[in-house]
Amino acid sequence: MSILPYAFVLLAAVLWGTVGTTQTFLTDGIHPLTVAMMRSAVGGGILLLIL
């Protein structure tokens, strides 16, 4: 049994939990929807590279 899938889930949970903190440190001119779109684009791009 590999521990790698559990590590990926733990990493995803940590990244998911830091979204609110990250948005509080961004400048006031950035809309939360823009942040969500950029996160999706970066995450999707990484998944495509892994694939």
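Residues numbered from 1 in each chain as written. Predicted model: local features only at pLDDT ≥ 70, side-chain atom pairs only at ≥ 80, totals over all residues. Heavy atoms only, no water.

A. Looking closely at the overall build of the protein chain. In terms of regular secondary structure, the protein chain is built from 3 helices and 0 strands. Here the C-alpha atoms of the protein chain give a radius of gyration of 14 Å, more than 25% beyond the 10 Å that 2.2 N^0.38 yields for 51 residues. Once the C-alpha set of the protein chain is aligned to its principal axes, its extents read approximately 45 × 20 × 10 Å. Here the protein chain holds 51 residues, and the buried ones make up 4% of them. Of the roughly 4700 Å² of accessible surface on the protein chain, 78% is carried by carbon and sulfur atoms. (Helix = DSSP H or I, 4+ residues; strand = E, 2+ residues; numbered from the N terminus. Rg over C-alpha atoms; globule rule 2.2 N^0.38 Å. Buried < 20%, exposed > 50% of the residue type's maximum accessible area, 1.4 Å probe, protein only. Areas by Shrake-Rupley, 256 points an atom, 1.4 Å probe, with all protein chains shown as cover.)

B. Geometry of a nonpolar patch on the surface. Together, Val42, Ile46, Leu47 and Ile50 make up a nonpolar patch on the protein surface, roughly 420 Å² of accessible area in all. Topologically, Val42 is positioned in helix H3 (residues 32-50). (Patch = residues over 30% accessible without salt bridge, like charges linked within 9 Å, V, L, I, M, F, W, Y side chains within 5 Å. Salt bridge = Lys/Arg side-chain N within 4 Å of Asp/Glu carboxyl O.)

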